[in-house]
Amino acid sequence: MNLFLKRSMMAAALICAIWTPPNASAQPSWLQAEAIQAVLQGAAPIQPGVRLDIPAVTQDGSSVQVSIDVDSPMTPDDFIDRIHLFALDNPSPELIELSLTPLAGKASFTTRIRLDQSQTVVALARRSSGEWLAAARDVRVTVSGCLSREGTYRSEQLMQARVRVPGQGRQGAPMEVRTLIQHPMETGLREGPDGAIVPERIIERFEAAIDGEKVLTAHLHRAMAANPYLLFMIAPERSGELAMTWTEDTGVAATERASFEILR
Amino acid sequence: MTMNRNLTRRESLKWMGLAGLGAMTGFPSLSLGGDAPSGHIVVVGGGFGGATAAKYLKRLAPSLDVTLIEPERRYITCPFTNLYLGGVRSFESLWHTFDELRDELGVTVIHDWAKDVDVEGRRIQLSGGESLSWDRLILSPGIDIRWGDLEGYDEAAAELAPHAWKPGAQSRLLRRQLEEMEDGGTFVLVAPDNPFRCPPGPYERVSMVANYLKNHKPKSKILLLDAKDGFSKQGLFMQGWERHYGDMIEWVSRSNDGLVMRVDADHLEVETEFGTIHKADVLNVVPPQKAGFIADRASVTDASGWVPVKPRTFESQLVAGVYVIGDATQAAPMPKSGFVANTQAKVTASAIIADLRGLPPVDPSWANTCYSLITPDWAISIAGVYEVYDELIREVPGSGGISPMDVGSVFRKQEAENARAWYAGIAHDVWGTRSLS
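The rules behind the values
- Residues numbered from 1 in each chain as written.
- Chains lettered and ligands numbered in written order.
- Predicted model: local features only at pLDDT ≥ 70, side-chain atom pairs only at ≥ 80, totals over all residues.
- Heavy atoms only, no water.
- Contact = heavy atoms within 4.5 Å.
- Buried area = accessible area lost by both parts, 1.4 Å probe.
- Salt bridge = Lys/Arg side-chain N within 4 Å of Asp/Glu carboxyl O.
- Polar contact = N/O pair within 3.5 Å; in protein donor to acceptor, adjacent residues only side chain to side chain.
- Helix = DSSP H or I, 4+ residues; strand = E, 2+ residues; numbered from the N terminus.
- Nonpolar A, V, L, I, M, F, W, Y, C, P; charged D, E, K, R; others polar.
- Pairing = 2+ DSSP bridges.
- Axes fitted to C-alpha atoms, helices over the stretch in contact; angles between N-to-C directions.
- Phe/Tyr/Trp six-rings, centres within 6.5 Å; stacked < 30°, edge-to-face > 60°.
- Lys NZ or Arg CZ within 6 Å of the ring centre and 35° of its normal.
- Domains from an automatic or database assignment.

**Notes on the interface of chain B and chain A**
At the interface, 41 residues of chain B touch 31 residues of chain A. Roughly 2900 Å² of surface becomes buried between chain B and chain A when both sides are summed, with 48% attributable to carbon and sulfur atoms. Inspection of the region where chain B meets chain A yields three salt bridges. Note that A:R112 and B:E273 form a salt bridge whose closest N and O atoms lie 4.0 Å from each other. Our count for the chain B to chain A interface comes out at 13 residue pairs in polar contact (both at pLDDT 80 or more). Secondary structure elements with two or more residues in the side of chain B that touches chain A: helix 8 (234-245), strand 15 (269-272), helix 9 (293-297), strand 22 (365-375), strand 23 (378-389) and strand 24 (392-395) of chain B. It is strand 24 of chain B that contributes the most residues to the side of chain B that touches chain A, three residues altogether. Its residues placed into classes, the side of chain B that touches chain A shows 18 nonpolar, 13 polar and ten charged.

Put into structure tokens, the structure is as follows:
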């Protein structure tokens, strides 16, 4: 048999093992999770149109890169307006909720999350018409024997943000934006050296806007990896300035701005 | 514990003492009663995994026909190449031969490249035109570089900015570049994201390079650009660096913009995720990796580029009768190390023989110790023992650990001695060779 074909069939078999198309008799069990139902409120997600990329095996649960990409024209009539991400067996399953506008151009983002143990990661996406899409992936978390991790956080860097925005783009061609802010994302679950619980302290909100017009807003929960990272898309019609604001749960905020030029 | 009958008591003791935990735990007891198994086992790769597998197949079941395919007549170990780069060990001391396997154990050793595998016909093709049939196939192909995954880093770029992550000409090239570097130059090492061969390797490498530069070019700097926010034995490495090299070594984590996105080998420059350009005098890129080429040809790799295996035997999850060991496998939490490959080889040899006899495999146990030298007399280590639990590999709770922080030079020097003894012991176990230095 053609090797490529064989490989594709294996890949297909693996995907089927995780995603069972919904029908009256067999819903995937993760759909019943409380955190998922709190969002869906009884709605049944339709066929998979969400790509959820996450390593099947990860050797460091403290920072796992995950990418979500949803098929959508992202026009004012038909776009993805919300994306939710969950890790069902974390102490709190919610990871991040994104609210998007057509100005994003592409319903696609990458971030880094914490996984407390091997479990199922679920992405839900809502179309502007109200329909929900979904995807789930099983992730095995091992802590490699050669990968014991030490705390490396430096407090003097707290709230320092980095951004990378292309200086130039073409009209109609979505551009990639990367940003990261230095922050420990204290979960409120960890003991400090004195044995006392280190109180929860997190970045809870991220907003991106072009000349005052919203592109994306994100609510972050405590299971987002330290030094929250986001890669997302923008598709501006004309030259302008992108403003990005990270807000801590104390109310402290950091804003970064970057100008870009759009060629027609 | 049942030892092989061919080992004399004296040899056994020596062997246990040198190879230590690995020899004991990686070699499950196996009843040698019953019919002598027969069949042809082909082993691809003469490194820590493959050479050990060939040796222990013959030791456990001399009636088997065992063929080892390895292109090199002299195998060069990846462990301790950092010591060569640091100028504290000769390159020749890392060379090992296959004389013992061929002359004393009766393994057929063919020096050629495995070119293709026909998994249905159970045949393997060699570059020289020969084709062999097998009853069981063991692949221990190590790693290949994912050329092109890192923009600008291809085979031509590696001639200017070596990876030296597969020992040989690349190691010599990097050593020559370090020797030619001016005092006051900058050595830049680009470290990859997990998983990759030898998790503490990049950090031992900068330690050994620092050792060389401190003694010969003390005005030089070392910049370690990392795709990760943490690394193996991090606290111990950083404490050692500060003590021995002051501020010579700067580690840049991923969150501090350490992720390199593009390499310009012509100008010895790299560009990070957030757009910083770093200029090197010597640029060492440890690139993203995948299972060795022949694993792809045997259809045992998955989308990750690595090989999923059945935990008890290391038989491929995708192709029956093909076993894969060493760095090419997805065996986490076991790291990709020579020690692990050595114990995996023993478990798999025993599992294949059990299978040929129609018996179930015994409960496996594997072990690892990774020593890292920060100076020739200052070493740190990490150890672990692994088992199958709930049909997955896990570290035996409480089995392992790392060297303590904050201990003095006597302790660290003893670990450096242990590291050298480990190398001598495992080389003897795998190839029957003694190192020259």
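**A few points about the sheet that holds strand 2 (residues 65-69) of chain B**
Note: strands within a sheet are paired through backbone hydrogen bonds, in either parallel or antiparallel orientation. All names here are of chain B. Taken together, five strands build an open sheet; the order of strands is 5-2-1-9-20 and the sheet is parallel. Because the sheet does not close on itself, it has two edges, and the strands there are strand 5 (108-110) and strand 20 (322-324). For this sheet, the mean inter-axis angle between neighbouring strands, taken without regard to orientation, is 20°. Of the pairings in the sheet, the one linking strand 9 (residues 136-139) to strand 20 comprises three bridges and is parallel in character. Each residue of the ladder has a partner; that of I138, found in strand 20, is Y323. Relative to the sheet, helix 2 (residues 48-60) contacts strand 1 (40-44), strand 2 and strand 9, its axis offset from that of strand 2 by approximately 165°. Helix 10 (residues 338-356) rests against strand 1, strand 9 and strand 20 of the sheet, and its axis sits at about 170° to strand 9.

**Quick look at the packing of aromatic side chains**
Throughout the structure, instances matching the rule amount to 18 aromatic pairs over all chains. An aromatic cluster of at least three residues, connected via ring pairs, comprises B:Y203, B:F231, B:F237, B:W241 and B:W251. Across from the ring centre of A:Y229, 3.8 Å away, lies the NZ or CZ of A:R112, which sits over that ring. One Lys or Arg, B:R175, reaches over the ring of B:Y212 and ends 4.4 Å from the middle of that ring.

**Looking at the sheet that holds strand 15 (residues 240-248) of chain A**
Residue and element names in this part refer to chain A. Here ten strands make up an open sheet; going across it, the order is 2-8-7-4-5-13-12-15-16-10 and the pairing mixed. Two strands in the sheet have a free side with no partner beyond their single neighbour: strand 2 (57-58) and strand 10 (168-170). Two elements, strand 15 and strand 16 (residues 253-263), share eight bridges in a ladder whose sense is antiparallel. By the bridge assignment, M244 is partnered in strand 16 with E256.

**Considering the side chain of A:T245**
Residue and element names in this part refer to chain A. If you trace the backbone, T245 turns up in strand 15. Only 3.0 Å separates the side chain of T245 from the side chain of T255, close enough to count as a polar contact. The residues contacting T245, other than those within four sequence positions of it, are R205, F206, E207, A253, A254 and T255.

**Observations concerning the side chain of B:K346**
Residue placement: B:K346 occurs in helix 10. For B:K346, the side chain forms a polar contact with the side chain of B:N342, separated by 3.2 Å.

**Observations concerning the environment of B:M181**
One can find B:M181 in the loop between helix 6 (169-180) and strand 11 (186-191). The contacts of B:M181, once residues within four sequence positions are left out, are B:T186, B:F187, B:L213, B:K217, B:S220, B:D281 and B:V282.

**Examining the domain arrangement of chain B**
All names here are of chain B. Segmenting chain B into domains produces domain 1 (35-145 + 290-360) and domain 2 (157-287). Contacts between the two partners involve 22 residues from domain 1, matched on the other side by 22 residues from domain 2. Here domain 1 meets domain 2 over a buried area of about 2000 Å², counting both sides, of which 63% is carbon and sulfur. Seen at the junction of domain 1 and domain 2, the total is two salt bridges. Between D144 and K166 there is a salt bridge, with its nearest N and O atoms 2.7 Å apart. Counting across the domain 1 and domain 2 interface gives eight residue pairs in polar contact (both at pLDDT 80 or more). Of all the secondary structure elements, the ones that give two or more residues to the side of domain 1 that touches domain 2 are helix 3 (81-85) and strand 10 (143-145). Per element, the largest residue contribution to the side of domain 1 that touches domain 2 is five residues, and it comes from helix 3. For the side of domain 1 that touches domain 2, the residue count by class is twelve nonpolar, six polar and four charged.

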